[in-house]
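These are the residues of each chain, in order.
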Amino acid sequence: MIAAKVIDSIWSTRKADSLIGLKFMLIEVLGGIDAGRIMIAADTIGAGIGERVLVCNGSSARKMFDREDIPIDSAIVGIIDEDCTF
Amino acid sequence: MIAAKVIDSIWSTRKADSLIGLKFMLIEVLGGIDAGRIMIAADTIGAGIGERVLVCNGSSARKMFDREDIPIDSAIVGIIDEDCTF
Amino acid sequence: MIAAKVIDSIWSTRKADSLIGLKFMLIEVLGGIDAGRIMIAADTIGAGIGERVLVCNGSSARKMFDREDIPIDSAIVGIIDEDCTF
Amino acid sequence: MIAAKVIDSIWSTRKADSLIGLKFMLIEVLGGIDAGRIMIAADTIGAGIGERVLVCNGSSARKMFDREDIPIDSAIVGIIDEDCTF
Amino acid sequence: MIAAKVIDSIWSTRKADSLIGLKFMLIEVLGGIDAGRIMIAADTIGAGIGERVLVCNGSSARKMFDREDIPIDSAIVGIIDEDCTF
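Each value, and the rule that gives it
- Residues numbered from 1 in each chain as written.
- Chains lettered and ligands numbered in written order.
- Predicted model: local features only at pLDDT ≥ 70, side-chain atom pairs only at ≥ 80, totals over all residues.
- Heavy atoms only, no water.
- Helix = DSSP H or I, 4+ residues; strand = E, 2+ residues; numbered from the N terminus.
- Rg over C-alpha atoms; globule rule 2.2 N^0.38 Å.
- Buried < 20%, exposed > 50% of the residue type's maximum accessible area, 1.4 Å probe, protein only.
- Contact = heavy atoms within 4.5 Å.
- Buried area = accessible area lost by both parts, 1.4 Å probe.
- Salt bridge = Lys/Arg side-chain N within 4 Å of Asp/Glu carboxyl O.
- Nonpolar A, V, L, I, M, F, W, Y, C, P; charged D, E, K, R; others polar.
- Pairing = 2+ DSSP bridges.
- Least-squares fit on C-alpha atoms with pLDDT ≥ 70 in both.

(A) Broad picture of the overall build of chain A. Per the secondary structure count, chain A includes 0 helices and 6 strands. Secondary structure elements of chain A, listed N to C terminal, follow the sequence β-β-β-β-β-β. The C-alpha atoms of chain A give a radius of gyration of 13 Å, which matches the 12 Å a tight globule of 86 residues would have. For chain A, the C-alpha atoms occupy an extent of roughly 40 × 25 × 25 Å along the three principal directions. Burial analysis of chain A (86 residues in total) assigns 60% to the buried set.

Laid out in structure tokens, this is it:
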């Protein structure tokens, strides 16, 4: 997983039917040589803008959803505790 | 997923049989340290040149198609709303 | 796999139900042009901070767990012997 | 997928039994910040040295073969038309 | 796949049970902008230090093993012929 900061919401009206109702967040990777990488992750946890999150990428990201046939390769899987410094 | 801009169409006459009829688009990654990365994504959404799109990579990209046995690792899954600024 | 050094623990109280009870470690990639890359890996081996570990990424990381439906893309799979110099 | 140029053939006499009979090509990624990346892709399309090709990576690359149990993570899936400029 | 040079053996006494008996090699990517990337690959081919090898990454690497439930994301799948220049 990667640690990232939630930057903004992303809105897409025209999208795959299987993505309807999902929330997408723009995230920025935190720490190390990947700092500043921008990705878009689906969020089912309820992360807020500015929060630090754990993001899972690749096929494992699909495990956050009830259905396996979903074109998602990045999902927020947790919110990093505020008092966790790194 | 990544945010990208559609740059051009890609034409390939000699290709795998399972890819016949698919539309391929040259895309450029937007934002962050990956900005300027060039990829080719299959498009079933009907994205136009110049539009900003959501692109899903890896095995999850195959979920955009009716058949699972397709050698595709990148697919446009949504079009980012024009009034979505980031 | 990659070689990495365990830097710290990561705490996430609000997370996917399937991740409850798992330990997450902040790791830093060792060696080569990826040195300094920061990732977060699940740990079932019992790696300590400062130890050098073998980390498996992608779908294969899920093979470290009893259940396949887990949103994990990075796991510590071994601890590199102290007298192994590289 | 990525766009790449076929640079050379790669010969490997000692290899996994499941790879016997396959053709491997050295390819160089074209365009963007990944330009100059070198990879080795299996070729079942019959791409010639110097041709521009579409390359599929990851698990999807295995979909180019009759058998699923093949240790291949990169395959040429199409040849880009000569008059396709990008 | 990638072309890499075998640099050294990696020893890990404390590791996942499913990895017992496997040989791990430190490899360095050859050629292009990834030259100098360091990875650790499982070896069932018998590659020697200094040899150039074909390395398969991701889920496809698991296809080198009799069992599918193995946390391996990188495997040596062939040894590049000595007279193969690139």
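(B) Quick look at the interface of chain B and chain A. At the interface, 26 residues of chain B touch 32 residues of chain A. Three residues, M1, I33 and K63 of chain B, lead the burial of chain B against chain A; their summed loss comes to 31% of the area buried on that side. Here chain B is connected to chain A by 2 salt bridges. Among the ionic pairs, E51 of chain B bridges to R14 of chain A, the shortest N-O distance being 3.3 Å. Contributions of two or more residues to the side of chain B that touches chain A are made by β1 (2-10), β5 (52-57) and β6 (74-79) of chain B. Ranked by the residues each element gives to the side of chain B that touches chain A, the list is headed by β5 of chain B, at 4 residues. Here the residues of the side of chain B that touches chain A sort into 14 nonpolar, 8 polar and 4 charged. The pairing of strand β2 (residues 14-15) of chain A with β6 of chain B spans 2 bridges and is antiparallel.

(C) Layout of the relation of the copies chain B and chain A. Overlay of chain B on chain A (RMSD 0.0 Å): rotation 72°, translation along the axis 0.0 Å. Expressed as an axis order, the relation between the two copies is that of a five-fold axis.

(D) The arrangement of the side chain of S18 of chain B in detail. Along the chain, the position of S18 of chain B falls in the loop between β2 (14-15) and β3 (23-29). Judged by its relative accessible area of 16%, S18 of chain B is buried.

(E) The arrangement of the interface of chain C and chain A in detail. Across the boundary between the two partners, chain C contributes 32 residues, which contact 26 residues of chain A. For the pairing of chain C and chain A, the buried interface totals around 2,200 Å² over both sides, and the portion due to carbon and sulfur atoms is 56%. Summed over the shared surface of chain C and chain A, the result is 2 salt bridges. Note that R37 of chain C and D34 of chain A form a salt bridge whose closest N and O atoms lie 2.7 Å from each other.

(F) Region of the structure containing the environment of L26 of chain D. Mapped onto the elements, L26 of chain D comes out in strand β3 (residues 23-29). Note on L26 of chain D: relative accessible area 4%, which makes it buried. Among all residues touching L26 of chain D, those that are not within four sequence positions of it are K5, V6, I7, D8, I10, I38, M39 and I40 of chain D together with F86 of chain E.

(G) The arrangement of the relation of the copies chain C and chain A in detail. The two copies are related by a screw motion: chain C maps onto chain A through a turn of 72° and a shift of 0.0 Å along the axis, at an RMSD of 0.0 Å. Comparing contact sets, just 9% of the residues at the interface of chain C also lie at the interface in chain A, consistent with a heterologous contact between different surfaces.

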